[in-house]
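Inside the fold
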Amino acid sequence: MIIDAENLVLGRLASYAAKQALLGEKVEIVNCEKSVVTGSRRQVFEKFKSRSSPTDMKKKPRVYKMPDMFVRRVIRGMLPWKRDRGRLAYKNVFCHIGIPSNLKEKPITLENAHVDKLKNLKYVYIKDVTKFLGNK
């Protein structure tokens, strides 16, 4: 299954991808940098900046700077990671920046996770969040 993440809310995309991976399906997500996180720009940046601060890194979750790894980490948070079932499902999740040439199928999009369905018009693209965290 190939999912196009362009203009999709990250949490809704991640929960759908996690469910499909738990069912044993191979999930490929393309255009990860074009998915969105809801909230005001200042609020979102403060949240992820506080998570990536260097104090006591053993107890804080890992915050990646690349958009594909960022999205994959969010999906991992929705899987039962401490069980074998969750670890096997995580191995079936692949995220890509842009659309790779080796994927020949047409990607699907999730209508219920689209940003147009939001009541709140405040959102930030993953590309901007990772750039703020230090991605080039």
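Before going into details, it helps to say that this report is about the structure given with it. (Residues numbered from 1 in each chain as written. Predicted model: local features only at pLDDT ≥ 70, side-chain atom pairs only at ≥ 80, totals over all residues. Heavy atoms only, no water.)

Comments concerning the pattern of salt bridges
- Throughout the structure, instances matching the rule amount to three salt bridges.
- Here lysine 26 makes a salt bridge to glutamate 28, at a shortest N to O gap of 3.5 Å.
- Judged by its relative accessible area of 47%, lysine 26 is partly exposed.
- Overall, glutamate 28 belongs to the buried group, its relative accessible area being 11%.
- With a closest N to O distance of 3.2 Å, glutamate 46 and arginine 42 form a salt bridge. Here arginine 42 and glutamate 46 lie together in helix 2 (residues 41–51), a separation of four residues that amounts to about one turn. (Salt bridge = Lys/Arg side-chain N within 4 Å of Asp/Glu carboxyl O. Buried < 20%, exposed > 50% of the residue type's maximum accessible area, 1.4 Å probe, protein only. Helix = DSSP H or I, 4+ residues; strand = E, 2+ residues; numbered from the N terminus.)

Details of the nonpolar core
- The biggest cluster of nonpolar side chains holds 31 residues, and the ones touching the most others in it are Ile29, Phe70, Ile75 and Val129.
- Put simply, the parts of the chain that give this core at least two residues each are helix 1 (10–22), strand 2 (27–30), helix 2, helix 3 (67–76), helix 4 (84–90), strand 4 (93–95) and helix 5 (126–133).
- Non-local contacts of valine 129, meaning those with residues more than four positions away in its chain, are made with Val44, Phe45, Phe48, Phe70 and Val124. (Core = buried A, V, L, I, M, F, W, Y, C linked by side-chain atoms within 4.5 Å. Contact = heavy atoms within 4.5 Å.)

Some words on the sheet that holds strand 1 (residues 2–4)
- With parallel pairing, the three strands of this open sheet are ordered in space as 1-2-4. Each having just a single partner strand, strand 1 and strand 4 make up the two edges of the open sheet. Adjacent strand axes in the sheet meet at a mean angle of 20°, parallel and antiparallel pairs treated alike.
- Across the face of the sheet, helix 1 comes into contact with strand 1, strand 2 and strand 4 while running at roughly 155° to strand 2. (Pairing = 2+ DSSP bridges. Axes fitted to C-alpha atoms, helices over the stretch in contact; angles between N-to-C directions.)

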